[in-house]
Amino acid sequence: MARYICIHGHFYQPPRENPWLEDIELQDSAYPYHDWNEKISAECYAPNTVSRILDSEGRIIGLPNNYAWMSFNFGPTLLTWLAAKAPEIYEAILTADRESEQRFSGHGSALAQAYNHMIMPLAHRRDKYTQVLWGIRDFEHRFGRLPEGMWLPETAVDLETLEIMAQLGIRFTILAPHQAHKVRKIGQRQWRDVSGGRIDPTTPYLLKLCSGRSINLFFYDGPISQAIAFEDLLERGENLAMRLVNAFSEDRPWPQMVHIATDGETYGHHRFHGDMALAYALDYLEKSDLARITNYGEFLEKHPPGHEVRIFEKSSWSCAHGVERWWKDCGCNSGGHPGWSQAWRTPLREALDWLRDTLAPQYEEMISRYLQDPWAARDDYIAVILNRDRQEVEQFLQRHASRTLEPEEKSTVLKLLEMQRHAMLMYTSCGWFFDELSGLETVQVLQYAGRVVQLARDILGDDHEAHFLERLERAKSNIPALGDGRRIFAEFVKPAMVDLLTVGSHYAISSLFEDYHDQDRIFCYTIDREDYRLSEVGKAKLAVGRIRVSSDITWNSAILSFGVLHFGDHNLCGGVREFQGEKAYGDMAWEVTEAFSWTDFPETVRRIDQHFGDSTYSLRSLFRDEQRKILDQIIELSLEEVWSAYSRLYTYNVPLMRFHKELGVPLPRPFHATAGIVLNRFLLEAFLAPELDLHAIRGLLEEARLLEVGLEGAGLEYALRKAIERLAGKFSHNPDNLDYLQRLEAAVNLSTELPFEVRLWKVQNIYYEMLNSVYPWQLRQSKQGNGPAQTWVEYFVALGQKLSVRVD
């Protein structure tokens, strides 16, 4: 009897995206010393593509890529972010799919996903079709092949969605066992009830559709999946392996596949080192010949369904009531806020449905003036989303235009299509999943809706905001201070809205603090500088200028003039308006500059107000990341004065501090606080230095130990790790450089002496690759009596011991 095992990981991280800037952010901006690549491994939105297999002594003996062994799907937004912010991980995922094709009889392990995690049974049929098609096209764009399977968000399913998937060539999907209703052998008439999760999950099933098409369904093993996600099954790889093996039964005469499905973040984010348990289990199963690892496509080819199935429509894996979690107060929530109500879910969905249904016919009527088929164009718009190069957009417009379009008409078409894109994004499932209307995820879908409202007002001339807010007001927050949806929209959506004037104000203000060129890009906008004049008096600066701001998404643009004054610290004011001609611009520039040249700042501000009226801005007008960067520049000098004062205080009093400790007398709190601030600062500077001075670092660590100063582990760990990674990179590119090896060994040795763990996974990866590529040659040279090679091998083996890598 053939035994197969398949592990599926569903990777979806709700984005934090500014719909006006096309800026996707998954990381927590509060994370200290944050770095995009760092955060992806720290939080395991995509668990480490290079995992570890350990021996009985805890030493690394293998670094497998789990993705090459498991079935997986990634949300397109997450893949977009990975491609831009963590390209090594992104490439490892694509490589894993290619490797899995070779391993699994030509069947890749990656699955597509309905595009933006919309709950499909609650969607309009048009949106269902576009979601499936966009998911397929996005997958093909990235993986270079058509997908065999598709993951349904939250496994939420209905027959109409399955019809569309089958129509578009999807062969299978994965559901939860409780979503199965009845089964029967193919060719027989009698159905058997398997409701309540009683379906046998070890075999695929065929679902015949009304159109005459069919689709294959896999129902994952519920108890094992539950144990992996919510129990302690990932504590040990052996436990996971045996739990999977024990799911096989001699009573089943057919080839069995034990397969599980969980959130991919389980392996590393939810369960620390869970990816290592998975890697060990898969390796153990293969080497012990207990089962053959496979994926869904390969198993389906080798063992087609022998049974038909009927399902429960409008069911999902994460709502016991079907799909009610995404439109009503069904009782499903995070459990973190007892007593809170989710009654807001219904009016939220009703408000979005009203907005979608009101705008759909208006979109259809208006875009038909320019394009042949409104909905075919929307379906094909994924080509533009995946590649916004101007040539690609022009080709898209040529394919769909009913006539030659003028530049303004092209912009109108793109705005209409963006309106439709955001009208789907606003249904992203996490907006209803959690407990509170004002939660990050729900505010995100409201921001998508806000973008829809803004675009509709701009291109259709109709302001739907008032009617939308009337409906949204019926959604009540659990937080009294936030009231309802109307107030939440006003507080969290309206301030986030961006237009060309807002982008212009950002450029004008930030130009005082950084050097721009004749052409620059700010998020999804291109800025062409036509005139720029900077004046300085002491610390004060005045900039006046004229720029063209163009949207790279919708191709609309405007010429703007601005004047902005910074007269020290955070005191700044400025104005931006549409260009009103050379004379008006010249008069503004001369009058504002004249007042500034007198160092009459109140008069300068008055003249800015006079010329720009209500279109005035301050530091608060900057986009968030730029706000932080500029504030850091503004306070840098003040901070240096503070550090200098603390340093002098510490240097002057450190003998007295040491004497206190020698006598066993506690340090006075001001002394202890000063020592903590200064020693942590000195250590951070030492870790950030171009070269690590290990002698000086050890001296600072000893001083911190003596004075019982707590070390700021998060920031120091990050800085030291990056320094060691840089050194390891140098060594890997110059493997014969003994100095690099000795310095790396000493630095790793230092990391083992610290009171906090330094995560050296990347260094271990580099070392393991060199162990297999460089070490054998050096070892041969060493055995032949080569002195430098003998020294190299000695240090390399010592480095491996400190990195917990077994060197045979």
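Just so you know, these numbers come straight off a predicted model, no measurement behind them.

Even after reading the chapter, I still don't get the overall build of the protein chain, so can you show me in this structure?
Looking only at helices and strands, one finds 29 helices and 22 strands in the protein chain. Relative to the globule expectation of 28 Å for 808 residues, the C-alpha radius of gyration of the protein chain, 31 Å, shows essentially globular dimensions. Structurally, the protein chain occupies a C-alpha span of about 95 × 80 × 55 Å along its principal axes. When burial is assessed residue by residue, the protein chain has 56% of its 808 residues classed as buried. For the protein chain, the proportion of contacts with a sequence separation of at least 24, taken over those separated by at least 6, is 69%. Computed over 87 positive and 114 negative side-chain charges, the inter-centroid distance for the protein chain is 4 Å.

Looking at this model, I keep getting lost on the nonpolar core. Mind explaining?
A general feature of soluble globular proteins is that nonpolar side chains tend to end up buried together. In this structure, Leu355, Met419, Met426 and Phe468 are the most contacted members of the largest nonpolar core, which totals 101 residues. Apart from residues no more than four positions distant in its own chain, Met419 is found in contact with Leu359, Tyr363, Val452, Leu455, Ala456, Ile459 and Leu460. Counting 66 residues, the second largest nonpolar core, distinct from the first, contains Leu82, Met150, Leu162 and Leu209.

Would you mind going over helix H4 (residues 125-143) with me for this structure?
Turn by turn, an α-helix covers 3.6 residues, leaving residues three or four places apart pointing in a common direction. In this model, H4 (19 residues) spans 27 Å end to end at C-alpha, consistent with the 27 Å of a helix rising 1.5 Å per residue. The positive-phi residue at the C-terminal boundary of H4 is Gly144, with phi of around 70 degrees.

Even after reading the chapter, I still don't get empty space enclosed by the protein, so can you show me in this structure?
Space left empty within the atom packing is revealed by a probe, the size of a water molecule, rolled over the atoms. In total, this model carries seven cavities of 30 Å³ or more according to the counting rule given. For the largest cavity, the calculated volume is near 70 Å³. Lining of the largest cavity is provided by 13 residues; of these, Phe74, Leu79, Leu111, Ala112 and Phe139 occupy positions nearest its centre. Within the residue set of the lining of the largest cavity, elements represented by two or more residues are strand S6 (71-74), helix H2 (76-85), strand S7 (110-113) and H4. Of the residues that constitute the lining of the largest cavity, the class distribution is nine nonpolar, three polar and one charged. As a volume, the second largest cavity reaches approximately 60 Å³. Along its surface, the second largest cavity is lined by His124, Arg126, Asp127, Arg356, Ala360, Trp375, Arg378, Gln420 and Ala423. Elements supplying a minimum of two residues to the lining of the second largest cavity: H4, helix H10 (345-367), helix H11 (374-380) and helix H14 (407-425). Per-class residue counts for the lining of the second largest cavity are three nonpolar, two polar and four charged.

Can you walk me through the packing of aromatic side chains in this structure?
Two numbers describe a pair of aromatic rings. These are the distance of the centres and the angle of the planes. Applying the stated rule across the entire model yields 29 aromatic pairs. Aromatic ring contacts, followed pair by pair, group Phe731, Tyr767, Tyr775, Trp792 and Phe796 into a single cluster. The residue whose ring lies beneath Arg390 is Trp555, and the NZ or CZ to ring-centre distance is 3.7 Å. Positioned above the aromatic ring of Phe612 is the side chain of Arg577, whose terminal nitrogen or guanidinium carbon lies 5.3 Å from the ring centre.

Would you mind going over the pairing of strand S21 (residues 572-578) with me for this structure?
Note on strand geometry: in a regular strand, side chains alternate between the two faces of the sheet. With six of its seven residues buried, S21 lies for the most part within the structure. With seven bridges joining them, strand S20 (residues 557-566) and S21 adopt antiparallel strand pairing. By the bridge assignment, Gly563 is partnered in S21 with Gly575. In textbook terms, the turn of a hairpin is the stretch between consecutive antiparallel strands, and for S20 and S21 this stretch comprises five residues, one of which, Gly568, has a positive phi near 110 degrees. Relative to strand S22 (residues 616-617), S21 runs antiparallel, the two being bridged by two bridges. Across the sheet, the residue bridging to Gly574 is Tyr617, located in S22.

It is not clear to me how the packing of helix H23 (residues 669-688) against helix H25 (residues 713-733) should be interpreted in this structure. Could you clarify?
Helix-helix packing: each pair is described by the crossing angle between the helix axes and the interaxial distance. Orientation of H23 relative to H25, taken along the N-to-C sense of each, is 20 degrees, at an axis distance of 8 Å. Classified by the interaxial angle, the pair formed by H23 and H25 is roughly parallel. The hand of the H23/H25 crossing is left-handed. For the pair H23 and H25, the contacting residues are Asn680, Leu683, Leu684, Phe687 and Leu688 in the first and Gly715, Leu716, Ala719, Leu720, Ala723 and Arg726 in the second. By residue class, the composition of the contact of H23 with H25 is eight nonpolar, two polar and one charged.

Would you explain the sheet that holds strand S9 (residues 172-175) in this entry?
Adjacent strands of a sheet form backbone hydrogen bonds with each other and so pair up, either parallel or antiparallel. Spatial strand order, S9-S13-S12-S16-S10-S11: six strands in an open sheet with mixed pairing. In this open sheet, the two strands that pair with only one neighbour each are S9 and strand S11 (192-193). In terms of strand pairing, strand S12 (residues 205-208) meets strand S16 (residues 307-311) through two bridges, oriented parallel. Each residue of the ladder has a partner; that of Tyr205, found in S16, is His307. In the packing of helix H5 (residues 159-167) onto the sheet, contacts are made with S9, S12, strand S13 (214-219) and S16, and the angle to S13 comes to roughly 115 degrees.

Can you walk me through helix H22 (residues 624-662) in this structure?
In this model, H22 (39 residues) spans only 48 Å end to end at C-alpha, well below the 57 Å of a helix rising 1.5 Å per residue. At Asn653, H22 is deflected by roughly 55 degrees, the largest bend along its length, and proline Pro655 occurs up to four residues later in sequence. Residues of H22 that are buried make contact with helix H19 (500-510), H23 and helix H24 (694-706).

I keep staring at the environment of Asp232 and nothing clicks. Help me out?
For Asp232, the location among the structural elements is in the loop between helix H6 (222-230) and helix H7 (237-245). Separated by 170 residues in sequence, Asp232 and Ser402 place their C-alpha atoms 60 Å apart. If sequence neighbours within four positions are ignored, Asp232 has contacts with Ala227 and Arg271.

Is there a simple way to think about the pattern of salt bridges in this case?
Between side chains of opposite charge, pairing is possible as soon as their charged atoms come close. Evaluation of the coordinates by the stated rule reveals 54 salt bridges. Residue Arg171 pairs with Glu148 through a salt bridge whose shortest N-O separation is 2.9 Å. Residue Arg171 is found in the loop between H5 and S9, and its partner Glu148 is found in the loop between H4 and strand S8 (150-151); the two are separated by 23 residues along the sequence. Looking at Arg171, the relative accessible area reads 33%, which means it is partly exposed. Under the relative-accessibility criterion, Glu148 is labelled buried at 14%. Note that Glu603 and Arg606 form a salt bridge whose closest N and O atoms lie 2.7 Å from each other. In this pair, Glu603 and Arg606 are both assigned in helix H21 (residues 601-612), three residues apart and thus about one turn of the helix distant.

Hey, could you run me through the sheet that holds strand S17 (residues 519-522) in this one?
What the six strands build is an open sheet, ordered S17-S18-S19-S20-S21-S22; its pairing is antiparallel. The two strands at the open ends of the sheet, each matched to only one other strand, are S17 and S22. Bridge count between strand S19 (residues 540-551) and S20: 10 bridges; the pairing is antiparallel. Its bridge partner lying in S20, Leu542 is registered against Leu565.

Is there a simple way to think about the environment of Pro668 in this case?
Structurally, Pro668 is set in the loop between H22 and H23. Taking the C-alpha atoms as reference points, Pro668 and Met657, separated by 11 residues in sequence, lie 8.9 Å from one another.

I tried to follow the confidence of the model for the protein chain on my own but got confused; where do I start?
Caution applies to low-pLDDT regions: their predicted coordinates should not be interpreted in detail. Put simply, the protein chain has an average pLDDT of 91, and 94% of its residues get 70 or more. Note on residues 26-47: pLDDT is under 50 here. Beyond four places in sequence and across chains, it has 68 contacts.

Even after reading the chapter, I still don't get the packing of helix H16 (residues 440-460) against helix H18 (residues 485-493), so can you show me in this structure?
Viewed as axis vectors pointing N to C, H16 and H18 meet at an angle of 80 degrees, and their least axial separation amounts to 10 Å. In terms of their interaxial angle, H16 and H18 are classed as roughly perpendicular. Residue-level inspection shows Val443, Leu446, Gln447 and Gly450 of H16 in contact with H18, the latter providing Ile488, Phe489, Phe492 and Val493. Considered class by class, the residues forming the contact of H16 with H18 number six nonpolar, two polar and no charged.

Conventions we followed
- Residues numbered from 1 in each chain as written.
- Predicted model: local features only at pLDDT ≥ 70, side-chain atom pairs only at ≥ 80, totals over all residues.
- Heavy atoms only, no water.
- Helix = DSSP H or I, 4+ residues; strand = E, 2+ residues; numbered from the N terminus.
- Rg over C-alpha atoms; globule rule 2.2 N^0.38 Å.
- Buried < 20%, exposed > 50% of the residue type's maximum accessible area, 1.4 Å probe, protein only.
- Contact = heavy atoms within 4.5 Å.
- Lys, Arg positive; Asp, Glu negative; His and termini not counted.
- Charge placed at Lys NZ, Arg CZ, Asp CG, Glu CD.
- Core = buried A, V, L, I, M, F, W, Y, C linked by side-chain atoms within 4.5 Å.
- Expected span 1.5 Å × (residues − 1).
- 1 Å grid on protein atoms, 1.4 Å probe; cavity = no way out; pocket = protein on both sides within 12 Å on 5 of 7 lines; lining within 4 Å.
- Points joined across faces, edges and corners; volume = space filled by probe spheres on them.
- Nonpolar A, V, L, I, M, F, W, Y, C, P; charged D, E, K, R; others polar.
- Phe/Tyr/Trp six-rings, centres within 6.5 Å; stacked < 30°, edge-to-face > 60°.
- Lys NZ or Arg CZ within 6 Å of the ring centre and 35° of its normal.
- Pairing = 2+ DSSP bridges.
- Axes fitted to C-alpha atoms, helices over the stretch in contact; angles between N-to-C directions.
- Parallel < 35°, antiparallel > 145°, perpendicular 65-115°, else oblique.
- Left-handed = near helix turned anticlockwise from the far one by under 90°.
- Bend = angle between axes of the 7 residues up to and from the residue.
- Salt bridge = Lys/Arg side-chain N within 4 Å of Asp/Glu carboxyl O.
- pLDDT = per-residue confidence, 0-100.

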